[in-house]
Structure formats: C-alpha cells, structure tokens
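Descriptive analysis of the structure
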Amino acid sequence: MTSRRHVVLTMAVFLTASLAAEAQTTRSGREIYESTCAACHGTDGRGGSAIAADYPIIPPDLTDCAFATREPTSDWEVVTRHGGPARAFSRLMPAFGEALSNEELRLAVSHIQTFCADPAWPRGELNFPRPLVTAKAFPENEALTTVAAGSGAFTQKFSWEQRLGPRNMFEITAPVAFSERTPGDWTGGVGDLAFAFKRALAHSSRRGSIFSAAAELIVPTGSTERGIGSGTTALEPFLAYGQRLPANIFLQAQFGGAIPFNRDHADEAFWRAAFGYQHAAGRYRRTIAPMIEVVGARELVTGSPTHWDAVPQIHLALSTRQHVRINVGARVPVNDRAERSTQYLSYLLWEWVSGGFFTGW
Ligand code: HEC
C-alpha cells in the first residue's frame, strides 16, 4: 500500500527535521533543504523522490522558472512555515514552523530559489499589487474584468494577459460600454478592442526595480454614434516602472501617449503614478494594499488643459491562494471639476496560471 509509505516518509522527514532543529544549527540552506525537503522535492528540486515514492501529489518542479518566479518569496515562506493549506495547497506539503527556526526556514526557501538559475525571469518580489489605472511593469498571466461607472456612462472591460517566455506579455481587452445619450436614454454595445504587447527591459531583485516598454493598438470596433467608441485606430506606446521602497511601500509609474491614426483627433500624453503599502494580514499573511494614484493627461494641442485626477483605492487578495483579487476605488478629478465628475472603479482579477477560479479558496 502506498499510503503507508507516505506516512513513513513524512515521519522520517519530521524526525530528521526536529533533530536537526534541536542542535542550534549553522547549517547552510542547501544542507537544511537536503535533510528536510529533498525527501519529497528531490535534491535537484524536480520532485523526483515523491514521484519514486508514488506520492499522491507530485510537488511542483522548483527548477521551472515560469513557476518559481511567479509569486514573492513570502508566499513560499508561508507555505513552508504553515504547510500547503496556508495557500490552499495539499496537506502533503507539511508545516515546518515547529521543526525549523525562522532563520533555517528562510535559508531553505532561499536555497529552493537557486533552482531557477535563469536571470531573464523577473522575480515575484517585483510583482506589485495592480493599481486601477496605472499599468504594471511585471508581465502577468491574468484575466480581469474592470468596471468604471460615472455619471451617464458605464464600462466593463474584459482583459486576458498571457506571458510569452520570461520577459514578454500579450494582452487583449474587450470593453462593453453603456452611455446615457439624453437623460434616461441609455445605449450600449461592444467598445474599442485593444491589443497590447509588453516587454520587461530591465529588472533587479537587489534594487527592487522593474522597467518595461509596451505598445497598445486600439481598434475602432465601438460605435461612435452611440458614444461608445473613439472612431479611430490609435497606437498607445508607454513605459512602466515598478520600485520597491522601504517599509513595504512601493511605487509604480507609467508614462505614455495616444497617437490616433485619424489626424483629426488630437494626440495625447499621459502620466500616472501609484503609491501603495503592502500589508500582510493575519497568520497566513494575506495581501491588503491601500494605494493612491495620481493621474495626469493632456491633449497635445496648444491651449488645452492638463487634467489631474486622484485615485484612492484598496487592493485585496480574496482567495487563500491569493490568485483572486479585487480592487475598489474612485477616480476623483482634482481640477476642471465643473466639466468632469467622479468615476467609481473596480476590478476582479484572476491569476489563472495558479489554479481554477473556484479552486484555492
Ligand atoms: C512530505 C513531503 C514534502 C516535504 C518533506 C516537503 N514538501 Fe514542499 N511540497 C510537497 C508537496 C506534495 C507539494 C505540492 C502541494 C500541492 O501542490 O498541493 C509541495 C509544495 C511546496 C512548495 C510550492 C508551493 C506553491 O506555491 O506551489 C514549496 C515552496 C515547498 N513545497 C517548499 C518546501 C520546503 C522549503 C521544504 C523543506 C523545508 C518542503 N517543501 C518539504 C511535499 C513536501
């Protein structure tokens, strides 16, 4: 029976771990890993030992950079300390909070991080919480729906983001928009589709920064008659930057422009910055991130005003696995308030690569 073998394997691992923890160690991360984790994860991190022992759940291949660089180190530390269920994974990933000291635990996790040796992959630490308006620099595997509601207009956008290798990402966005032409007379339909490509140009875990360039092509599929389309194809090139600051504070910034192909429309420049604080709540350190964005835009026509908005918001991980998140906030005009009104914004985000929407709660 294989289940007896699992019990024996788990017990043996615990015994060695506890004995090792007793003797105040000066062991290296590798030594801790090899005595405590390798029985299941394999010396090379590929999970070979669990496969050989016929373990019912095969641990993930820790050498696979696409997997290993997705989430921040803190998530792995939580799983190692409290066991798989801390992120809605199997109990067969045991909790080591008792068997290992905090330092040993960190050393073991830093050892498994050496398994992905390819520096082309930006690390999960640089994957900051997503602001409502400012684009992220980190390439993602996510699906999200964003809602914007203001006086006389309602837009819901569906986006699919897909990573292509270590640095690149492709995104498709389809909006459904409704607008009130005259009081009480609403009309709606599919808005302008958008296709974007992003590439992380530079990143450094040590400096805590990531820098990307992207271009978005907006296609006039929406109806201008019904007020739900721009009526022109447009190109939106932009740069995005993320920076970790001390005390769990982060900054994300975006700078770009919109270039309509129809030259009757004006070019526009925009700049956006989001400051946030990443709080790890409770025992399982779930992410809560309050943020404030400052958003500026100006049509590149002489005499046209610069519009400034402030966007206070709160980003929350809903699922235990942290792969389903929401953000709610408001985009409040700072100037020209007579012509512009407050818009309420929200997104629901699903990092599909970490598991089905309904798993991981
Ligand atoms: C008794 C077997 C066993 C031992 C010992 C073990 N693991 Fe695991 N580990 C697993 C299994 C099984 C999974 C996969 C769980 C799942 O996907 O539901 C896993 C998953 C993980 C993950 C991935 C979590 C994620 O985000 O997907 C990490 C990180 C991890 N283990 C770290 C460690 C460390 C560090 C040690 C040693 C201190 C260790 N494990 C010891 C069985 C084990």
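The shown structure was predicted, so the numbers you read here are calculated from the model rather than taken from an experiment.

Points about the overall build of the protein
Scanning the protein from N- to C-terminus turns up seven helices and 14 strands. On the principal axes, the C-alpha backbone points of the protein span a range of 75 × 40 × 35 Å. Taking as baseline every contact in the protein between residues at least 6 positions apart, the subset at least 24 positions apart corresponds to 55%. Accessible surface, the protein as shown: approximately 17500 Å² in total, 61% of it carbon and sulfur.

Remarks on the pairing of strand β13 (residues 324-333)
Where strand β12 (residues 306-317) and β13 come together, seven bridges link them in antiparallel fashion. Note that in β13 the partner of L316 across the bridge is I326. A loop of six residues connects β12 with β13, the two strands running antiparallel in sequence, and Q322 in this loop sits at a positive phi of about 70°. Direction of pairing for β13 relative to strand β14 (residues 343-350): antiparallel, over a ladder of eight bridges. Directly across from R325, in β14, lies its bridge partner L349.

Here's the deal with the state of the cysteines
Disulfide: a covalent bond formed between the sulfur atoms of two cysteine residues. A full pass over the atoms with the stated rule returns one disulfide. Two residues share a disulfide in this structure: C65 and C116, whose sulfurs sit 2.2 Å from each other. With the S-S bond torsion at 105°, the cross-link from C65 to C116 turns out right-handed. Highlighted residues: C65 in helix α5 (residues 65-68) and C116 in the loop between α7 (102-112) and β1 (142-150), separated in sequence by 51 residues.

What to know about the packing of helix α2 (residues 29-36) against α7
The contact between α2 and α7 brings their axes to 8 Å, and the two run at 90°. The angle between α2 and α7 falls in the class roughly perpendicular. In this structure, α2 uses G29, R30, I32 and Y33 to contact α7, whose residues at the interface are E104, L107, A108, H111 and I112. Grouping the amino acids of the contact of α2 with α7 by side-chain chemistry returns five nonpolar, two polar and two charged.

A look at α2
The complete set of buried residues in α2 reads G29, I32, Y33 and T36. All buried residues of α2 lie within an arc of 100° about the axis, which places them on one face of the element.

As for the site of the ligand
Near the ligand you find 20 residues, and of these C37, C40, H41, S90 and M93 are the closest. Counting only elements with at least two residues in the shell around the ligand, the list comes to α3 (38-41) and α6 (73-82). Taken together, the residues of the shell around the ligand break down into 16 nonpolar, four polar and no charged.

Topic: the coordination of the iron atom of the ligand
Every protein donor of the iron atom of the ligand is accounted for by H41 (NE2) and M93 (SD), and the metal-donor separations fall at 2.0 to 2.1 Å. Considering all six donor atoms around the iron atom of the ligand, the spread of angles at the metal, 87 to 178°, places the coordination shape in the octahedral class. With H41 in helix α3 and M93 in the loop between α6 and α7, this pair connects stretches of sequence that are 52 residues apart.

Section: unusual backbone geometry
We note that A247 has phi near 60°; this positive angle belongs to a residue other than glycine. Counting through the fold element by element, A247 comes out in the loop between β7 (234-245) and β8 (249-260). With a phi close to 45°, D336 is a non-glycine residue in the positive phi region. Mapped onto the fold, D336 is located in the loop between β13 and β14. Judged by its relative accessible area of 27%, D336 falls in the partly exposed class.

With respect to a nonpolar patch on the surface
Taken together, the side chains of W160, L164, F170, I172, F195, F197, L217, L235, I259 and F261 present a nonpolar region at the surface, about 820 Å² in accessible area. Position of F261 relative to the elements: it lies in the loop between β8 and β9 (268-277).

Section: the domain arrangement of the protein
Looking at the protein, the domain boundaries give domain 1 (2-112) and domain 2 (124-354). Computed from C-alpha atoms alone, the centre-to-centre distance between domain 1 and domain 2 is 38 Å. The partner domain 2 presents 13 residues to the 13 residues of domain 1 that form the contact. Across the interface of domain 1 and domain 2, roughly 1300 Å² is buried in total on both sides, 43% from carbon and sulfur atoms.

Quick look at the packing of aromatic side chains
Inspection of the entire model under this criterion finds nine aromatic pairs. Aromatic pair Y33 and F115: ring centres 5.3 Å apart, planes at 70°, arrangement edge-to-face. Residue Y33 is found in helix α2, and its partner F115 is found in the loop between α7 and β1; the two are separated by 82 residues along the sequence. The pair formed by Y33 and F115 is uniform in burial state, with each residue classed as buried. Grouped by ring-pair contacts, the aromatic residues W350, F357, F358 and W361 constitute a single cluster. Above the ring of F270, the side-chain terminus of R272 is found at 4.0 Å from the ring centroid.

Calculation criteria
- Residues numbered from 1 in each chain as written.
- Predicted model: local features only at pLDDT ≥ 70, side-chain atom pairs only at ≥ 80, totals over all residues.
- Heavy atoms only, no water.
- Helix = DSSP H or I, 4+ residues; strand = E, 2+ residues; numbered from the N terminus.
- Contact = heavy atoms within 4.5 Å.
- Areas by Shrake-Rupley, 256 points an atom, 1.4 Å probe, with all protein chains shown as cover.
- Pairing = 2+ DSSP bridges.
- Disulfide = S-S within 2.5 Å.
- Axes fitted to C-alpha atoms, helices over the stretch in contact; angles between N-to-C directions.
- Parallel < 35°, antiparallel > 145°, perpendicular 65-115°, else oblique.
- Nonpolar A, V, L, I, M, F, W, Y, C, P; charged D, E, K, R; others polar.
- Buried < 20%, exposed > 50% of the residue type's maximum accessible area, 1.4 Å probe, protein only.
- Arc of directions from axis to C-beta.
- Near = heavy atom within 4 Å.
- Donors = N, O, S within 2.8 Å, 3.2 Å for Na, K, Ca; no water.
- Tetrahedral: all angles 85-135°; square planar, octahedral: opposite > 155°, others 65-115°.
- Patch = residues over 30% accessible without salt bridge, like charges linked within 9 Å, V, L, I, M, F, W, Y side chains within 5 Å.
- Salt bridge = Lys/Arg side-chain N within 4 Å of Asp/Glu carboxyl O.
- Domains from an automatic or database assignment.
- Buried area = accessible area lost by both parts, 1.4 Å probe.
- Phe/Tyr/Trp six-rings, centres within 6.5 Å; stacked < 30°, edge-to-face > 60°.
- Lys NZ or Arg CZ within 6 Å of the ring centre and 35° of its normal.

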